[in-house]
Amino acid sequence: MQKKAITLGNQLVDELGIEPGVDTLSKWIAHYIAEQIEIAENAKGADKTEADERCFRAILQLWQHRAFYPRGHRPFEDFEPIFNTLSRLDPENPQSFYRSFASTGSTEADNSDEKSSVETYTQLILVIDEAARTIIELLLSEATEGASSKKAKFYLKNDISDPPPDELKAIQLLTERNLKNPQNYASEVRAFTIKRLKDRIAKLDKFSALCKSVKKDLNFKLKTAHMREV
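In this report, the structure presented in the accompanying data block is examined.

Cut-offs and rules
Residues numbered from 1 in each chain as written. Predicted model: local features only at pLDDT ≥ 70, side-chain atom pairs only at ≥ 80, totals over all residues. Heavy atoms only, no water. Helix = DSSP H or I, 4+ residues; strand = E, 2+ residues; numbered from the N terminus. Buried < 20%, exposed > 50% of the residue type's maximum accessible area, 1.4 Å probe, protein only. Contact = heavy atoms within 4.5 Å. Salt bridge = Lys/Arg side-chain N within 4 Å of Asp/Glu carboxyl O. Arc of directions from axis to C-beta. Core = buried A, V, L, I, M, F, W, Y, C linked by side-chain atoms within 4.5 Å.

**Here we look at the overall build of the chain**
Stage number 1. Of the regular secondary structure elements, the chain holds eight helices and zero strands.
Stage number 2. Residues classed as buried in the chain amount to 28% of the 230 residues present.
Stage number 3. Taking the contacts inside the chain whose residues are at least 6 apart along the sequence as the reference set, 71% of them involve residues at least 24 apart.

**Some points on the pattern of salt bridges**
A side chain of one charge can pair with a side chain of the opposite charge if their charged atoms are brought near each other.
Stage number 1. Across all of its chains, the model carries nine salt bridges by this definition.
Stage number 2. Where Glu-167 meets Arg-66, a salt bridge forms, and the shortest distance between an N and an O atom there is 2.9 Å. Placement of the pair is Glu-167 in helix H7 (residues 166-176) and Arg-66 in the loop between helix H3 (45-64) and helix H4 (80-86), with a sequence separation of 101 residues.
Stage number 3. For Arg-66, a relative accessible area of 6% corresponds to the buried category.

**Some words on H7**
Stage number 1. Residues of H7 that are buried: Leu-168, Ile-171 and Leu-174. The buried residues of H7 occupy one face: seen down the axis, they fall within an arc of 120°. Exposed residues pointing more than 90 degrees away from the buried face of H7 are listed as Asp-166, Leu-173 and Glu-176.

**Describing the nonpolar core**
Stage number 1. Core analysis: the biggest nonpolar cluster contains 30 residues, and Ile-59, Phe-76 and Phe-79 have the highest contact counts within it.
Stage number 2. When residues of this core are traced back to their parent elements, those giving at least two are helix H1 (2-17), helix H2 (24-42), H3, helix H5 (113-147), helix H6 (150-157) and H7.
Stage number 3. Setting aside residues up to four positions removed in sequence, Phe-79 forms contacts with Thr-144, Ala-147, Ser-148, Ala-152, Ile-171 and Leu-174.

Shape is all these values report; function is a separate question.
What follows is the structure in structure tokens.
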């Protein structure tokens, strides 16, 4: 942990103390951290124990305030748009929004055209919702891949928080559930990943066919509307 703290501290010093455009306070903090690291590395005996602890506390405190670093210097800044997007979704609802409107399947026999039409539309709604979730997952996967820069991976690896904050847990979860290239994994994982990809392609194919059907219906309604005007 001490080694990780020094590694992390040196990186933060470089990030906040050398790069142009950083405010004066951040530069001062970076200078202070660099000073504490130097003292800890050169101290001996009982003085070293005290210096190491003081250095660790200083780095930990700076690390805990990473969300307030200047723009362009926050460790996980590339993930912030992803978090903002996820905050607009409802994580407490495991079911889709539209699913609550779906047909519950009445036990009474009813072959009316009205019921058939309603069931058709509600099923289409579920297809759209399923496809939308698939597309969101794919785009989220791409966004996660783009945000997983070398710098972000470094900070994630050298985190000294105990326990890890929700921010890092979220990043770890996003990274682990990300759709990967099947060629990079063992046969069991590769087979599972291939199945996931095939399932998503099938859902999108279904959605694509639905879009064509809806478009055809809209064109028919548009043509009918023009005929009525004439």
